[in-house]
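Breakdown of the fold
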Amino acid sequence: MPGGREAAIACTSTLRERRWPGDEVLAEQLDTVGGGAVLVLRPLPVDLEALSGLLEGDPAWGGGRIDLDTGECRPALVDTEESWDEDEPEGTERWLPVPCAGSRDAYRDMEDFISTLDDQDLARFLGVAIQGPGAFRRFKDMLATSPAQLRRYWLFAAERQYGRARTWLADQGYRPAPPGGH
């Protein structure tokens, strides 16, 4: 593709400058297009939204596993009545366990989002809303008074969650791939 190498280099530079979770993983993958070092990660057709749900869910119910054959994310709660090794030949590694890290990063996303707001009144109200138990609900309720900012927050938080999921996958030796793709 004409200009593809230049576009990859420009994106890599922007990602490394921004430095959000997962940006370095994407930059390293783009380096392969731009002629840099090769990052060898096995493709896995996993839904980053589902994976981030396992990683950042409620610690009491969170975590689970990924089926390495299909990329399906299975919450731990779903797997309570069946063996992880059901119908699996001995010695195969079909499942990748996914721990639950809890909501600290999601809380940090709220704090970081507040710091991006130009509306200082909204920023002040949201800063108060995230204090103490029930912070997530109060934050979202308060932000709902500004639909444009609520949409902006959902995009902001999703990109950061996907980045953390991408980073976790890379640490396990995988990269997200489209279903059926490599």
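Everything in this summary refers to the structure shown in the same document.

Moving on, we come to the layout of surface pockets. In this structure, the largest pocket encloses a volume near 210 Å³. Elements supplying a minimum of two residues to the lining of the largest pocket: α3 (48-56), α4 (104-116), α6 (135-143) and α7 (147-171).

Turning next to the nonpolar core. Counting residues in each nonpolar core, the largest one holds 15 residues, and the members touching the most others are F113, L126, F139, L143 and Y153. Listing elements by their share of this core, those giving two or more residues are α4, α5 (120-129), α6 and α7. Here this core gets 4 residues from one element, more than from any other, and that element is α7. Setting aside residues no more than four positions away along its own chain, Y153 makes contact with A106, D109, M110, F113, F139 and L143. Counting residues in hydrophobic clusters, the runner-up holds 14 residues, among them L51, I66, L96 and V98.

Bringing the pattern of salt bridges into the picture now. In the structure shown here, the tally under the stated rule is 10 salt bridges. D67 is the partner of R94 in a salt bridge, and the nearest nitrogen-oxygen pair spans 2.5 Å. Taken together, the residues R94 in the loop between β3 (73-75) and β4 (95-98) and D67 in strand β2 (residues 64-67) connect sequence positions 27 residues apart. Linking D109 and R164 is a salt bridge whose minimum nitrogen-to-oxygen distance equals 2.7 Å. Remark: R164 occurs in helix α7 and D109 occurs in helix α4; sequence separation between them is 55 residues.

A few words now on the packing of α5 against α6. Contact pair α5 / α6: the axes reach a minimum separation of 8 Å and the direction vectors enclose 160°. The orientation of α5 relative to α6 falls into the category roughly antiparallel. Relative to α6, the crossing made by α5 is right-handed. Residues L122, F125, L126 and A129 of α5 form the contact with α6, whose participating residues are A135, R138, F139, M142 and L143. In terms of residue class, the contact of α5 with α6 is built from 8 nonpolar, no polar and 1 charged.

Under the definition given, this model contains 6 aromatic pairs. Geometrically, the ring pair formed by F113 and Y153 is edge-to-face, given 5.3 Å between the ring centres and 75° between the ring planes. One end of the pair, F113, is in helix α4; the other, Y153, is in helix α7, with 40 residues separating them in the sequence. When its relative accessible area of 0% is taken as the criterion, F113 is described as buried. Consider the rings of F113 and F156, whose centres lie 5.6 Å apart with planes at 65°: the pair is edge-to-face. With a gap of 43 residues between them, F113 in helix α4 and F156 in helix α7 connect regions that are remote in the sequence. When its relative accessible area of 10% is taken as the criterion, F156 is described as buried. Ring pairs connect the aromatic residues F113, F139, Y153, W154 and F156, which therefore count as one cluster. Stacked on the ring of Y174, the Lys or Arg R42 has its end atom at 4.2 Å from the ring centre.

Taking 1.5 Å per residue, 25 residues should reach 36 Å; α7 reaches 36 Å between its end C-alpha atoms and fits that length. Positive backbone phi, at 95°, marks G173, one or two positions downstream of α7.

Let us look at the environment of D109. In this structure D109 comes out as buried when scored by relative accessible area, which is 0%. Residues D109 and A158, 49 residues apart in the sequence, show an inter-C-alpha distance of 9.6 Å. Those residues within four positions of D109 in sequence are excluded, and the remaining contacts are Y153, F156, A157, R160, Q161 and R164.

Taken together, the 3 strands give an open sheet; going across it, the order is β3-β2-β4, and neighbouring strands pair in antiparallel fashion. Pairing within the sheet leaves two strands with one partner each, and these edge strands are β3 and β4. Taking the axes of each pair of neighbouring strands and ignoring which way they run, one obtains an average angle of 25° across the sheet. Taken strand by strand, α3 contacts β2, β3 and β4, and its axis lies near 30° from that of β3.

The rules behind the values
Every chain begins its residue count from 1, and numbering advances along the sequence as written. Thresholds applied to this predicted model are a pLDDT of at least 70 for local features of residues and 80 or more for the giving and counting of side-chain atom pairs; totals over whole chains, interfaces and linings are not thresholded and use all residues. Based on all heavy atoms of the structure, the side-chain values leave hydrogens and waters out of the count. Lining residues are defined by having an atom within 4 Å of a point belonging to a cavity or pocket. Those points lie on a 1 Å grid over the protein atoms alone, cavities being sets where a 1.4 Å probe fits but cannot get out and pockets being open sets with protein on both sides within 12 Å along at least five of seven lines. Grid points are joined across faces, edges and corners, and a volume is the space filled by probe spheres set on the points. Secondary structure elements are defined from DSSP: runs of H or I of at least 4 residues count as helices, runs of E of at least 2 residues count as strands, and each element is numbered from the N terminus. Nonpolar core, defined: a set of buried Ala, Val, Leu, Ile, Met, Phe, Trp, Tyr and Cys residues in which side-chain atoms within 4.5 Å join the residues together. Each residue is assigned to one of three classes by its accessible area relative to the maximum for its type, calculated with a 1.4 Å probe on protein chains only: buried under 20%, partly exposed between the two thresholds, exposed over 50%. Should any heavy atoms of two residues lie within 4.5 Å, those residues are considered in contact. Should a side-chain nitrogen of Lys or Arg be within 4 Å of a carboxyl oxygen of Asp or Glu, the pair is scored as a salt bridge. All axes are obtained by fitting lines to C-alpha atoms, using only the stretch in contact for helices, and the reported angles, taken between N-to-C directions, cover 0 to 180 degrees. Angles are sorted into four bins: roughly parallel if under 35 degrees, roughly antiparallel if over 145, roughly perpendicular if 65 to 115, and oblique for all others. Crossing handedness is read from the near helix: turned anticlockwise from the far helix by less than a right angle, it gives a left-handed crossing, and turned clockwise, a right-handed one. Each residue receives one of three labels: charged for Asp, Glu, Lys and Arg, nonpolar for Ala, Val, Leu, Ile, Met, Phe, Trp, Tyr, Cys and Pro, and polar for the others, Gly being one of them. Only rings of Phe, Tyr and Trp enter the pairing, Trp through its six-membered ring, and a pair is recorded when the two centres are within 6.5 Å. The plane angle decides the type: under 30 degrees is stacked, over 60 is edge-to-face, the rest tilted. Note on geometry: a ring has a charge over it if NZ (lysine) or CZ (arginine) is within 6 Å of the ring centre and within 35 degrees of the ring normal. One less than the number of residues in a helix, times 1.5 Å, gives the span that helix is expected to have. Following DSSP output, two strands are said to pair if at least two bridges run between them.

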